[in-house]
Amino acid sequence: MQTAPGEKRAAPRFDGVKFLSSWLKNPKNVGAVAPSGPVLSRTMAAIVDPALEGPIVELGPGTGPVTAALLARGIDPSRLTLVEYDEAFCATLRKKYPQVNVVQGDAFALDRTLEGHASAPFAAIVSSLPLLNFLPEQRKQLVEISMRMLRPRAPFIQFTYGANSPLPVMSHLYETSASKRIWWNLPPARVWTYRAR
Ligand SMILES: C[S@@+](CC[C@H](N)C(=O)[O-])C[C@H]1O[C@@H](n2cnc3c(N)ncnc32)[C@H](O)[C@@H]1O
């Protein structure tokens, strides 16, 4: 696999072990037993338009495979702000991507968490949060806050292992679309895009 600009290459197996041990400590928050695969990560990054002005925010980056795909897509590391709850993952991310802004905090309180770190309007929000482990009301609140912080037409990008949209479909606020199922991932996943109106 290619190393993205600004990325210090880490052995993938090491990330897998780190990921599994975080999952054992906190299965609800981590929400997966293995890091996102390269095809899923690239599919998410491909939806981001590097030409759209503004910061790009990643939620729940974990060990950083989607960050690597965003950097490989040509996103300048100074445009990226990562919001991650887990302290050990934050330490890993800071080591791997020293030029990227890593904020340890709660993505569900995005506006407060990002105060002093990144200013809206954002060009994209890319989320690997395990949304299905959170209450529908929390997910609705997350997408409502996010839509207020995105540029018009900018995407909120989310993967899910589930069959349906992990966020409520609210067509007065955003357009919703989904990728084909990505079988080359453990487990297979789908990428949903919610585009602000
Ligand atoms: C499915 S994992 C991310 C997988 C990541 N793509 C990878 O391969 O390493 C979900 C991530 O969301 C983080 N997370 C869960 N709840 C969070 C919250 N409220 N705020 C920020 N991050 C959160 C977890 O710590 C975990 O890193």
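Thresholds applied
Residues numbered from 1 in each chain as written. Predicted model: local features only at pLDDT ≥ 70, side-chain atom pairs only at ≥ 80, totals over all residues. Near = placed C-beta within 6 Å. Helix = DSSP H or I, 4+ residues; strand = E, 2+ residues; numbered from the N terminus. Nonpolar A, V, L, I, M, F, W, Y, C, P; charged D, E, K, R; others polar. Buried ≥ 20, exposed ≤ 12 C-beta atoms within 10 Å, placed from the backbone. Arc of directions from axis to C-beta. pLDDT = per-residue confidence, 0-100. Contact = placed C-beta atoms within 7 Å. Core = buried A, V, L, I, M, F, W, Y, C linked by C-beta atoms within 7 Å. Pairing = 2+ DSSP bridges. Right-handed = clockwise from strand over helix to strand, strands pointing away. Axes fitted to C-alpha atoms, helices over the stretch in contact; angles between N-to-C directions.

### Some words on the site of the ligand
And step 1. The environment of the ligand is made up of 24 residues, and the closest members are Pro35, Gly60, Gly62, Tyr85 and Ala107.
And step 2. Mapped by element, the contributors of at least two residues to the shell around the ligand are helix 2 (27-30), helix 4 (65-72) and strand 2 (80-84).
And step 3. Here the shell around the ligand is built from residues that sort into 14 nonpolar, seven polar and three charged.

### Examining helix 5 (residues 87-96)
And step 1. Buried residues of helix 5: Phe89, Thr92, Leu93 and Lys96, and no others. All buried residues of helix 5 fall inside an arc of 100° around its axis, so they share one side. Looking at helix 5, the residues exposed on the side facing more than 90 degrees away from the buried face are Glu87 and Lys95.

### Overview of the confidence of the model for the chain
In low-pLDDT segments, the atomic positions of the prediction should not be examined closely.
And step 1. Mean pLDDT over the chain stands at 91; residues scoring 70 or higher make up 93%.
And step 2. Across residues 1-13 the pLDDT falls below 50, and counting only partners more than four positions away or on other chains, this stretch makes 20 contacts in the model.

### Describing the nonpolar core
And step 1. By size, the foremost hydrophobic cluster in this structure holds 47 residues, and its most contacted members are Met44, Ile56, Leu70, Phe122, Ala124, Ile125 and Val126.
And step 2. Per-element tally for this core: the top contributor is helix 4, with five residues.
And step 3. In this structure Ala124 touches Val48, Ile56, Ala154, Pro155 and Ile157, once residues within four positions along its chain are discounted.

### Observations regarding the pairing of strand 3 (residues 101-104)
And step 1. Of the strand pairs in this sheet, strand 2 and strand 3 are connected by four bridges, and their pairing is parallel. Paired with Thr81 across the two strands is Asn101, which belongs to strand 3.
And step 2. As a crossover connection, the stretch from strand 2 through helix 5 into strand 3 is right-handed.

### A few points about the sheet that holds strand 1 (residues 56-59)
Neighbouring strands of a sheet are bound in pairs by backbone hydrogen bonds; such pairs are parallel or else antiparallel.
And step 1. Spatially, 3-2-1-4-5-7-6 is the arrangement adopted by the seven strands of the open sheet, whose pairing is mixed. Looking at which strands have only one partner, the edges of the open sheet turn out to be strand 3 and strand 6 (174-178). The sheet shows a mean angle of 20° between the axes of neighbouring strands, direction not considered.
And step 2. Against the sheet, helix 3 (residues 38-47) touches strand 4 (124-127), strand 5 (155-160) and strand 7 (190-196), its axis set at about 165° to strand 5.

### A look at helix 3
And step 1. Listing the buried residues of helix 3 in full gives Leu40, Ser41, Thr43, Met44 and Ala45.
And step 2. At its buried positions, helix 3 is contacted by helix 4, strand 4, strand 5 and strand 7.

### A short note on the pairing of strand 2
And step 1. A large share of strand 2 lies buried, amounting to five of its five residues.
And step 2. Of the two faces of strand 2, both are covered, the one formed by Leu80, Leu82 and Glu84 as well as the one formed by Thr81 and Val83.
And step 3. One ladder, built from four bridges, connects strand 1 with strand 2; its direction is parallel. Across the sheet, the residue bridging to Leu59 is Val83, located in strand 2.
And step 4. At this point the chain moves from strand 1, through helix 4, to the parallel strand 2, and the crossover so formed is right-handed.

### A short note on the environment of Ile157
And step 1. Structurally, Ile157 is set in strand 5.
And step 2. In sequence terms Ile157 and Tyr194 are 37 residues apart; their C-alpha atoms lie 6.5 Å from each other.
And step 3. If sequence neighbours within four positions are ignored, Ile157 has contacts with Met44, Ile47, Ala124, Val126, Ser127, Val191 and Thr193.

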